[in-house]
Each structure stands twice: as C-alpha cells, then as structure tokens.
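The primary structure of each chain is shown beneath.
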Amino acid sequence: MASHAGAAEAAYEHACERYAALGVDTEAALERLSRVSLSLHCWQGDDVGGFENPGGALGGGIAATGNYPGKARNGDELRSDLDLAFRLIPGSHRLNLHAIYAETGGARVARNELGPEHFAAWLDWAKAQGHGLDFNPTCFSHPLAADGYTLAHPDPAVRQFWIEHCIASRRIGAHFGRVLGTPCITNIWVPDGSKDTPADRLAPRQRLRASLDAVLAEPLDPAWNRDAVEAKLFGIGVESYTVGSHEFYMGYAMSRPGTLLCLDAGHFHPTEVISDKLSAVLLYIDELLLHVSRGVRWDSDHVVTLTDELQAIMQELVRGDFLGRTHIGLDFFDASINRVAAWVIGARNAQRALLLALLEPTARLRELERTGDNTGRLALMEELKGLPWGAVWDQFCLRHDAPVGMAFLDAIRSYEAKVLAQR
Ligand code: RNT
Ligand code: ZN
C-alpha cells in the first residue's frame, strides 16, 4: 500500500513538471476541482422507481432497461447505497431528489400535498453527511399523467393538480435550502407531448407557459430555492411532438429572469451537442443547470463515459469561466449494471473531464489562435491529450480519501456481496 502511494506521488511530481513546462499549475487545478460539487441523481439507485407505488410502471416516455439485482427498495437502502457512492467519489457533493422519493410512513399522500415533512429523513441525512440537496417535481408515473399531458393538459383540473405539485416542490426546495444553507435547484421537466402528429402545436405550449407562470408566481428567496426548466427532443411514445422543446424553454427562461435553463446532454438531435450551446445561452441567461448524461440512439440516459463531448462540455465551462454560473447534475439510469458503480463511474468521469479542462493552458491556446497560428493550436490541443493527467487525478483521489484507480470497484464488489445480494 505504502509503495503504491509512493508511486502515485512520484507520478504526480513528474506530471507537475510536464504541465509546468506548458505553464499549467496542477495545484491550482486540484484546488479548483475540489470546489466543484456534482449533484448526484438519486434515481439511478432504483431505476427511477421511487417509493410511492412500489412495482409501478415508469411513465413519461423514459425507460430504465435491465434487471441487475440489488436495487434499493426504500429510503434507508437508497441512502446506504448513496453513502458508498459518495465515499468513492472524491470531494464534497450534493444529492438530487425526485418527489416520488417521499417517505410518508405508509400513508398515501397526493403529490400536490407533499411537504418538507415527507422528506425529513433525507434532510436529516443530508445535514449529517454535509450534502446539499436539489429537487424535482415528479410529473410522470402517475394516473393523471397517463395520457401524456401534465402542465399542458387540456383539462384545467388536471393542469391544476400538476401546478400544485410543482408549487409544493418549490416550497420543499426552499425548505431544504434554508436548512442546509445552500440553494436547492428545483428542476421542472414534464413529459408532455404526443405520439403522432398533432393538429395544434400552439395551444399546449400556451397552456404550458401559463402553468409555469402559475407555478413560479410565488417569490422564493434565491438563497434557498432556484427554479430550472428542462427541455427535451422526444420520449418513447412521444415521438412526434414535445410541448417543452428547446426553443420553448430557452424563450421561457430568457423572458423570466432568475429562471435557470437546464440543458440535458441527451435531449438533442444525435449530432447536436450542448457544449456549443453554453457560451450562447449564457449570454442571455444568468445560470444554467446541466444534466450530464449520454445519449445513445433513442436513449438519452446512458452512464456518463469520458467522451469527447463530455470533455468539450467541461472545457467550455472552464474556458468561458462559467463554473460559477453552472450547476452540474448527473442524469442517467442504467438497470443493467451495479447501480452504485453506475453512479461512481459517471461521477468520476465528470470530474476527470473537468480536471482535464482545468489542466489546459487556455491562455496559450488562445494566443496561438489570436495570432493565426492554427497549426500550433491543433498541435498543442492534441499534445495535451497525451499528458499524464491520470497521475493528477490519482493525486486528487488520494487527497480526498477516495480510492485510486480500480480500487473503487473492489469496495463496490464487497458491498454487493454483503448488502445488495441480500435484497
Ligand atoms: C427526462 C429528463 C429528466 C429525468 C429525471 C428523472 O428525459 O431527463 O431530467 O431524467 O427527471
Ligand atoms: Zn434530464
């Protein structure tokens, strides 16, 4: 073990020298990385099931495929799984909850009647563990969402139910933020849309806009709660029309100051990337929420891997100095592999991509660009890919008492044998 740590130190020293030769301060990069919290999505732990209706079908045009054993069945199991994930992800992070993870002690509580008391166990846990909390109303997997419309539903009574649920969610978020001393980002995503070509694309959008205005009418202190809205391209069974499209929410967030836009990396056309959108939307919108995800064909929610696009997203956040205006959440759900590993692999990849971006000699690249030396720019960009950034990452893990390399998987395997296999 000691010699392993010794080797890691030597590798880090060597990496420092290689980066210093390019004018990059690895210590500064490590320090900046330690200040970025990711919001881990609770729903990877149980395939977006929640506790409201055990065994109920997942609605809203989203799907978690696979039947890997050991998924969490209640709050205690989910928190236990999360505790392990958070131990294996270096740094200090947040948890992103959905309303269906309320703990009501067996009582049936309608979603429009949820209050902070139904999340007391989550809040106590978050406080004890030092996690910030984020929140989402759950506008799917519910009889009143069964025909594919919620906030844009043509029936005013159904719309009102979802408006009330979203209002209740914002109040829960504000309670979290006040108690924990860090603003809760409450993100609204609705699945509304239709399988086949609609005759009226406008009216549902008018209704969605009016519903959102009703939801957001109550002013809440942004120190406690901030609201985000999330667009989507299509869902399963919702292939022809999505009410809350990118243009819809882009316009909505721009015209409602203080409202964050949520960009989910899997919610665009397959060759369209959110990395290119950041510097455009941040000209007009103060803050963003990201759902870091990975689209694969129809799916928008594969576990995040260290792709070119993930690196490009993080480069843009660093190059544009946008980290202070961007809340980074993860959003994927893979039921075909160990769910704790899914969290850890995805989160560590997001951090590794961010570290790569923080290790970039951006000023030097921009100088080459400014002077028209595009040959030098390309050469340096490619050279950077081969630098020993892995040693810097190992150093980050060591300093934050998280496992180096594949050791994280050993911890998950023993937890699987001891805990998950018993479920
Ligand atoms: C769905 C959206 C949304 C959900 C979660 C469960 O396409 O991405 O963010 O994944 O709310
Ligand atoms: Zn999302």
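Described below are features of the structure shown in this document. Given the structure is predicted, the values throughout are model-derived calculations rather than measurements. Throughout this description, residue numbers start from 1 for each chain and increase along the sequence as written. A letter from A marks each chain and a number from 1 marks each ligand, given out in the order of writing. Given that this is a predicted model, residues contribute local features only at a pLDDT of at least 70 and side-chain atom pairs are listed and counted only at 80 or more, while totals for whole chains, interfaces and linings are drawn from all residues. Neither water nor hydrogens contribute to the side-chain values; these are computed over all heavy atoms in the structure.

1. Quick word on the overall build of the chain
No. 1: Numbered from the N terminus, helices here are DSSP runs of H or I no shorter than four residues, and strands are runs of E no shorter than two. Each helix and strand in the chain was counted, giving 14 helices and 12 strands.
No. 2: In terms of C-alpha radius of gyration, the chain reaches 22 Å, essentially the compact-globule figure of 22 Å for 423 residues.
No. 3: Type-normalised accessible area, obtained with a 1.4 Å probe on protein chains alone, sets the label of each residue: buried when under 20%, exposed when over 50%, and partly exposed for intermediate values. Expressed as a percentage of its 423 residues, the buried residues of the chain come to 53%.
No. 4: Long-range contacts, defined here as pairs at least 24 residues apart, represent 81% of the contacts in the chain between residues at least 6 apart.
No. 5: Only the protein chains shown count as cover for residues, with accessible areas throughout obtained via the Shrake-Rupley method and a probe of 1.4 Å. Looking at the chain as shown, the accessible area adds up to about 18,100 Å², and 53% of this sits on carbon and sulfur atoms. As a reference, a globule follows 2.2 Å times the number of residues to the power 0.38, and the radius of gyration itself is taken over C-alpha atoms. We call two residues in contact when some of their heavy atoms are within 4.5 Å.

2. Side note on empty space enclosed by the protein
No. 1: Here a cavity denotes a set of grid points, spaced 1 Å apart and computed over the protein atoms alone, in which a 1.4 Å probe fits but from which it cannot get out, and a pocket denotes an open set meeting protein on both sides within 12 Å along at least five of seven lines; residues with an atom within 4 Å of a point are reported as lining. Grid points are joined across faces, edges and corners, and a volume is the space filled by probe spheres set on the points. Within this structure, the stated rule accounts for 3 cavities of 30 Å³ or more.
No. 2: Here the largest cavity defines a volume of roughly 180 Å³.
No. 3: Around the largest cavity, the lining is made up of 18 residues, and of these I62, H98, W189, E230 and D331 lie nearest the centre.
No. 4: Polarity classes work like this: nonpolar for Ala, Val, Leu, Ile, Met, Phe, Trp, Tyr, Cys and Pro, charged for Asp, Glu, Lys and Arg, and polar for all others, with Gly in that last group. Tallied by class, residues from the lining of the largest cavity come to 7 nonpolar, 6 polar and 5 charged.
No. 5: Estimates place the volume of the second largest cavity at around 50 Å³.
No. 6: For the second largest cavity, the full set of lining residues is G45, Y68, P69, G70, K71, A72, D81, N338, R339, V340, W343 and L420.
No. 7: Residues of the lining of the second largest cavity, tallied by class, amount to 6 nonpolar, 3 polar and 3 charged.

3. Looking at unusual backbone geometry
No. 1: Residues other than glycine seldom take positive phi values, yet D47 does so here, at roughly 60°.
No. 2: Structurally, D47 is set in the loop between β1 (38-41) and α3 (75-88).
No. 3: Here V48, not a glycine, exhibits a phi torsion of approximately 60°, which is positive.
No. 4: For V48, the position within the fold is in the loop between β1 and α3.
No. 5: The exposure class assigned to V48 is buried, which follows from its relative accessible area of 3%.

4. Concerning the coordination of the zinc ion (ligand 2)
No. 1: For Na, K and Ca the donor cutoff is 3.2 Å, while for all other metals N, O and S atoms must lie within 2.8 Å; water is not among the atoms, so some sites may look incomplete. With distances of 2.1 to 2.2 Å, the protein atoms coordinating the zinc ion (ligand 2) are E230 (OE), D264 (OD), H291 (ND1) and D331 (OD).
No. 2: Think of it this way: with four donors and all angles in the 85 to 135 degree range, the site is tetrahedral; with four or six donors, opposite ones beyond 155 degrees and the rest between 65 and 115, it is square planar or octahedral; otherwise it is irregular. For the zinc ion (ligand 2), the 6 donor atoms in the first shell make angles of 70 to 169° at the metal, a pattern classed as octahedral.
No. 3: Every donor residue of the zinc ion (ligand 2) comes from the same chain, spaced as E-x33-D-x26-H-x39-D. Of this pair, D264 sits in strand β8 (residues 260-264) while D331 sits in the loop between β12 (326-330) and α10 (339-358), placing them 67 residues apart in sequence.
No. 4: Residue class for D331 comes out buried when judged on its relative accessible area of 7%.

5. Some remarks on the pattern of salt bridges
No. 1: For salt bridges, the criterion is a side-chain nitrogen of Lys or Arg within 4 Å of an Asp or Glu carboxyl oxygen. Under the criterion given, the structure shown has 20 salt bridges.
No. 2: Across the pair R399 and E27 runs a salt bridge whose closest N-O atoms are separated by 2.7 Å. Of the two residues, R399 sits in helix α13 (residues 389-399) while E27 sits in helix α2 (residues 26-34), which places them 372 residues apart along the sequence.
No. 3: Each member of the salt-bridge network shares a partner with another, and the members are R73, E77, D81 and R423.

6. Examining helix α4 (residues 120-129)
No. 1: Within α4, the full set of buried residues consists of W122, L123, W125 and A126. Looking straight down α4, one finds its buried side chains confined to an arc of 165°; they lie on one side. Of the exposed residues in α4, the ones pointing more than 90 degrees away from its buried face are D124, K127 and A128.
No. 2: Elements in contact with the buried residues of α4: α3, β2 (94-98), β3 (133-136) and α5 (156-180).
No. 3: Positive backbone phi, approximately 75°, marks G130, located one or two places after α4. To be clear, the arc concerns the directions from the helix axis to the C-beta atoms.

7. Some points on the layout of surface pockets
No. 1: Within this model, the largest pocket holds a volume of roughly 770 Å³.
No. 2: Forming the walls of the largest pocket are 37 residues, and the residues nearest its centre are G49, G50, E52, N53 and P54.
No. 3: Split into classes, the residues belonging to the lining of the largest pocket amount to 18 nonpolar, 11 polar and 8 charged.
No. 4: Its boundaries defined by the atoms lining it, the second largest pocket holds a volume of some 530 Å³.

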